[in-house]
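Examination of the molecular architecture
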Amino acid sequence: MDEEPLETKTRSGRSLLLSTLLLIGLAEFGDKTQIAVAGLASTSDPTAVWLGAPLALAMTSAIGVWAGRTLLQHIPIPLMHRISGILFLAMGGFSLASLLM
C-alpha cells in the first residue's frame with residue numbers, strides 16, 4: 001500500500017503578511033474601537049489619531065503574543081483550555097446576572 005506524499009504549497013512571507021493584514025482589517029471593521037477612533041479623529045489631530053490607532057493595535061497584539069508564550073511555558077495547554085473555559089463561563093454568567101438584575 002504505497003501512499004503518495006501530499007503536496008503542500010508554501011506561501012511567501014509577503015502573501016502571509018497580506019492575508020494576515022486583510023483578516024485583521026475585516027475583523028476590526030465596524031468594531032467599537034474603530035468607531036471611537038473615527039470620533040476622536042473628528043475632534044483631535046486626525047493624522048496623529050490614525051497613526052496611533054494601528055500602532056496601539058499592533059502593540060496590544062504583541063503584548064498578547066508575549067503573554068501567551070510566557071504562560072504556555074509554565075502551564076500545559078489542556079490546563080490552559082480548562083482555565084479559559086471556566087473564565088469564559090464565569091464572564092457569561094456575570095453578564096447574564098447583571099442583565100437580569
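A quick note: this is a predicted structure, and the numbers were derived from the prediction, not measured.

Regarding the overall build of the protein
Along its length, the protein carries 4 helices and 0 strands. Its helices and strands taken in sequence order, the protein reads α-α-α-α from the N to the C terminus. Per element, the accessible surface of the protein, about 9,400 Å² overall, is 71% carbon and sulfur.

Re the packing of helix α2 (residues 32-43) against helix α3 (residues 46-74)
Interhelical geometry of α2 versus α3 gives an angle of 155° and a closest axis separation of 8 Å. When the axis of α2 is compared with that of α3, the two are roughly antiparallel. Seen from above, α2 lies across α3 with right-handed handedness. Of the residues in α3, those in contact with Val 37, Ala 38, Leu 40 and Ala 41 of α2 are Pro 46, Val 49, Trp 50 and Ala 53. The residue inventory of the contact of α2 with α3, partitioned by class, reads 8 nonpolar, no polar and no charged.

Section: the confidence of the model for the protein
Interpretation of the predicted coordinates at a detailed level should be avoided for regions scoring low in pLDDT. Chain-level statistics for the protein give a pLDDT mean of 85 and a share of 87% at 70 or above. The weakest mean pLDDT in the protein belongs to helix α1 (residues 13-28) at 78; the strongest belongs to helix α4 (residues 77-100) at 94.

Remarks on a nonpolar patch on the surface
There is a patch of nonpolar side chains on the surface, built from Leu 79, Ile 83, Leu 87 and Met 91 and spanning about 360 Å² of accessible area. With respect to the helices and strands, Leu 79 occurs in helix α4.

What counts and how
Residues numbered from 1 in each chain as written. Predicted model: local features only at pLDDT ≥ 70, side-chain atom pairs only at ≥ 80, totals over all residues. Heavy atoms only, no water. Helix = DSSP H or I, 4+ residues; strand = E, 2+ residues; numbered from the N terminus. Areas by Shrake-Rupley, 256 points an atom, 1.4 Å probe, with all protein chains shown as cover. Axes fitted to C-alpha atoms, helices over the stretch in contact; angles between N-to-C directions. Parallel < 35°, antiparallel > 145°, perpendicular 65-115°, else oblique. Left-handed = near helix turned anticlockwise from the far one by under 90°. Contact = heavy atoms within 4.5 Å. Nonpolar A, V, L, I, M, F, W, Y, C, P; charged D, E, K, R; others polar. pLDDT = per-residue confidence, 0-100. Patch = residues over 30% accessible without salt bridge, like charges linked within 9 Å, V, L, I, M, F, W, Y side chains within 5 Å. Salt bridge = Lys/Arg side-chain N within 4 Å of Asp/Glu carboxyl O.

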